[in-house]
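Chains, contacts and geometry: an overview
Each chain is listed here by its residues.
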Amino acid sequence: MKISPTIEPDRITSGILRVCRELVPNAPPVFVPVEPEPGALPNKCILNALETTRRDGGEVVMGWKVYLWPRVLVHLIGHAVVLRDGAMTCVTPSKNSEKRVLFLADPSLSFDDDDPDARLGGKMIPLRDDADADRFIEVDEEINSIKVKLPRTSGQVMVTGPDAVRLASLRKELPELIRRLTLRTKKPNEVCVCDSGRKFRKCCRDAMLRTGPY
Ligand SMILES: [Zn+2]
């Protein structure tokens, strides 16, 4: 059972719109249909989009895939889609086989022609004043700034020295922050964060409240 505060938004809330406007003032996020190309790989959106445009024409559009921690933050992940005949399509298979993604085109982003496989960054922006959310984002950004120095196959690489110590200490902060923030993403009668389909209050909420102060 995986507990996750992250959802793919099914509508564009005023909070999402505000956060997206901060980043890209002139173009709101839009829902883009997902039509994976044969052979397209998850997490290789730029390569997939390039391959599709080479074959069928159109152009690659860079931007952000919009995820939501309801009432807490918007999580934007760098993403590329294809623009053809005036319509955008996401040609990359999504993890949960969603039929559409919320996408924010961002003309300030570009990809490296020499390395279209390069990692795209992410961004988290809080939806309201929340010291825990601010701290969580700070910790996440520092972890990423350390990880970015490592080779791409970082799973295999030993982090040593001061980086390793710092990384361990930052990671220790995460579970408690995530617990508190996850509790904020759900009202008691909403569907549980574990996706059991049960109400939050009848499923994981009590256990999450018991492990510490909220
Ligand atoms: Zn649950």
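Conventions adopted
- Residues numbered from 1 in each chain as written.
- Predicted model: local features only at pLDDT ≥ 70, side-chain atom pairs only at ≥ 80, totals over all residues.
- Heavy atoms only, no water.
- Helix = DSSP H or I, 4+ residues; strand = E, 2+ residues; numbered from the N terminus.
- Buried < 20%, exposed > 50% of the residue type's maximum accessible area, 1.4 Å probe, protein only.
- Lys, Arg positive; Asp, Glu negative; His and termini not counted.
- Charge placed at Lys NZ, Arg CZ, Asp CG, Glu CD.
- Domains from an automatic or database assignment.
- Contact = heavy atoms within 4.5 Å.
- Buried area = accessible area lost by both parts, 1.4 Å probe.
- Core = buried A, V, L, I, M, F, W, Y, C linked by side-chain atoms within 4.5 Å.
- Salt bridge = Lys/Arg side-chain N within 4 Å of Asp/Glu carboxyl O.
- Phe/Tyr/Trp six-rings, centres within 6.5 Å; stacked < 30°, edge-to-face > 60°.
- Lys NZ or Arg CZ within 6 Å of the ring centre and 35° of its normal.

What follows deals with the overall build of the protein chain. Looking only at helices and strands, the protein chain features five helices and six strands. The order of helices and strands in the protein chain, counted from the N terminus, is α-β-α-β-β-β-β-β-α-α-α. Taken along its principal axes, the extent of the C-alpha atoms in the protein chain is 55 × 45 × 35 Å. By the burial criterion, 37% of the 214 residues in the protein chain qualify as buried. Distance between charge centres in the protein chain, computed from 34 positive and 30 negative side chains, equals 9 Å.

With that settled, the discussion passes to the domain arrangement of the protein chain. Assigned domains within the protein chain: domain 1 (1-128) and domain 2 (131-214). Using C-alpha coordinates to define each centre, domain 1 is positioned 22 Å away from domain 2. Counting from both sides, the interface comprises 17 residues of domain 1 and, opposite them, 19 residues of domain 2. When the two sides are added together, the surface that domain 1 and domain 2 hide from each other amounts to roughly 1,600 Å², 62% of it contributed by carbon and sulfur.

Checked against the element boundaries, Leu183 lands in helix H4 (residues 161-185). Exposure remark for Leu183: the relative accessible area of 5% places this residue in the buried category. Along the chain, Leu183 and Pro5 lie 178 residues apart, while their C-alpha atoms are 8.4 Å from each other.

Further remarks concern the nonpolar core. With 15 residues, the main nonpolar core has Trp69, Val72, Leu73, Phe136, Val139, Ile143 and Leu181 as its most contacted residues. If you list the elements that add at least two residues to this core, you get helix H3 (131-147) and H4. At six residues, H3 tops the list of elements feeding residues into this core. Summarising the domain contributions, this core has at least three residues from each of domain 1 (1-128) and domain 2 (131-214). Grouped together as the second largest cluster of nonpolar side chains are 13 residues, Ile16, Cys20, Leu68 and Leu104 included.

Moving on: the pattern of salt bridges. One pass over the full model with this rule turns up 13 salt bridges. Between Glu22 and Arg18 there is a salt bridge whose closest N-O contact spans 3.7 Å. Of this pair, Glu22 and Arg18 both sit in helix H1 (residues 14-23), four residues apart, which is roughly one turn of the helix. Its salt-bridge partner being Glu37, residue Arg55 comes within 2.1 Å of it at the nearest N-O pair. In this pair, Arg55 sits in helix H2 (residues 45-56) while Glu37 sits in the loop between strand E1 (30-33) and H2, placing the two residues 18 residues apart along the sequence. By sharing partners, the salt bridges in this structure join Asp130, Asp132, Glu176, Arg179, Arg180 and Arg184 into a single network.

Bringing the packing of aromatic side chains into the picture now. Following the criterion strictly, the structure yields one aromatic pair and no others. With a centroid separation of 5.1 Å and 40° between ring planes, the pair formed by Trp69 and Phe136 is classed as tilted. Here Phe136 lies in helix H3 and Trp69 lies in strand E2 (residues 59-69), a separation of 67 residues in the sequence. Here Trp69 matches Phe136 in class, with each residue buried. Here Arg100 stacks its cationic end above the ring of Phe31, 3.6 Å away from the centre of that ring.

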